[in-house]
Amino acid sequence: MSCGDPHDTECGEVLDHLYEFLDNEMAEGDCAKLRVHFEECSPCLEKYGLEQAIKALIKRSCGCDDTPADLRGKVLARIDSIRAGQRSGEMRPVAEVAADETAGHGAQSTLAASE
């Protein structure tokens, strides 16, 4: 994604680190760079707001459930794979990715119920 305007920090870099930013897992200097970018770039700000809302919804809906360690590892590996695919232009529907990652963990029904 790119808004087409020049920025000190590219849109792709901002979006690659969006979840680290949302989870407060970045150094303050890097957070400041992203905040500046969000002030300049409406599409990235919109994406940030959407992801923030989704994260809050998930926390409200599933905050008390423990995630199995193997599922967490698979999901994180798949996120890395998706990011690599997006950089190369390959995209898969979110529902398909979610079904792949939750198969065998009983989370498919939970995912479907939350939709």
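Quick caveat, the model's predicted, so the values are computed rather than measured. (Residues numbered from 1 in each chain as written. Predicted model: local features only at pLDDT ≥ 70, side-chain atom pairs only at ≥ 80, totals over all residues. Heavy atoms only, no water.)

Caption draft 1: Quick look at helix α3 (residues 28–40). For α3, which comprises 13 residues, the first-to-last C-alpha distance of 19 Å matches the rise-based estimate of 18 Å (1.5 Å per residue) to within 8%. As for α3, its buried residues are in contact with α1 (11–16), α2 (18–22) and α4 (42–62). (Helix = DSSP H or I, 4+ residues; strand = E, 2+ residues; numbered from the N terminus. Expected span 1.5 Å × (residues − 1). Contact = heavy atoms within 4.5 Å.)

Caption draft 2: Representation of the confidence of the model for the protein chain in the model. A residue-level look at the protein chain finds 71% of positions with pLDDT of 70 or above and a mean pLDDT of 78. Mean pLDDT in the protein chain bottoms out at helix α7 (residues 107–114), which sits at 40, and peaks at α2, which reaches 93. Counted against residues more than four places away or in other chains, residues 105–115, with its pLDDT under 50, gives 8 contacts. (pLDDT = per-residue confidence, 0-100.)

Caption draft 3: Local environment of the packing of aromatic side chains. A full pass over the atoms with the stated rule returns 3 aromatic pairs. Here F21 and Y48 contribute two aromatic rings whose centre-to-centre distance is 5.5 Å and whose plane-to-plane angle is 65 degrees, an arrangement assigned as edge-to-face. Remark: Y48 occurs in helix α4 and F21 occurs in helix α2; sequence separation between them is 27 residues. Judged by relative accessible area, F21 falls into the buried class, the value being 9%. One aromatic cluster is present, formed by F21, F38 and Y48 through successive ring pairs. (Phe/Tyr/Trp six-rings, centres within 6.5 Å; stacked < 30°, edge-to-face > 60°. Buried < 20%, exposed > 50% of the residue type's maximum accessible area, 1.4 Å probe, protein only.)

Caption draft 4: Region of interest: a negative patch on the surface. Together, D5, D8, E39 and E40 make up a region of like negative charge exposed at the surface. For D5, the position within the fold is in the segment before α1. (Patch = residues over 30% accessible without salt bridge, like charges linked within 9 Å, V, L, I, M, F, W, Y side chains within 5 Å. Areas by Shrake-Rupley, 256 points an atom, 1.4 Å probe, with all protein chains shown as cover. Salt bridge = Lys/Arg side-chain N within 4 Å of Asp/Glu carboxyl O. Lys, Arg positive; Asp, Glu negative; His and termini not counted. Charge placed at Lys NZ, Arg CZ, Asp CG, Glu CD.)

Caption draft 5: Structural detail: the nonpolar core. In terms of nonpolar packing, the biggest core is built from 13 residues, with L18, F21, M26, L34, F38, C44 and Y48 touching the most fellow members. Put simply, the parts of the chain that give this core at least two residues each are α1, α2, α3 and α4. Once residues lying within four places of it in the same chain are set aside, the contact partners of F21 are M26, C31, L34, R35, F38 and Y48. (Core = buried A, V, L, I, M, F, W, Y, C linked by side-chain atoms within 4.5 Å.)

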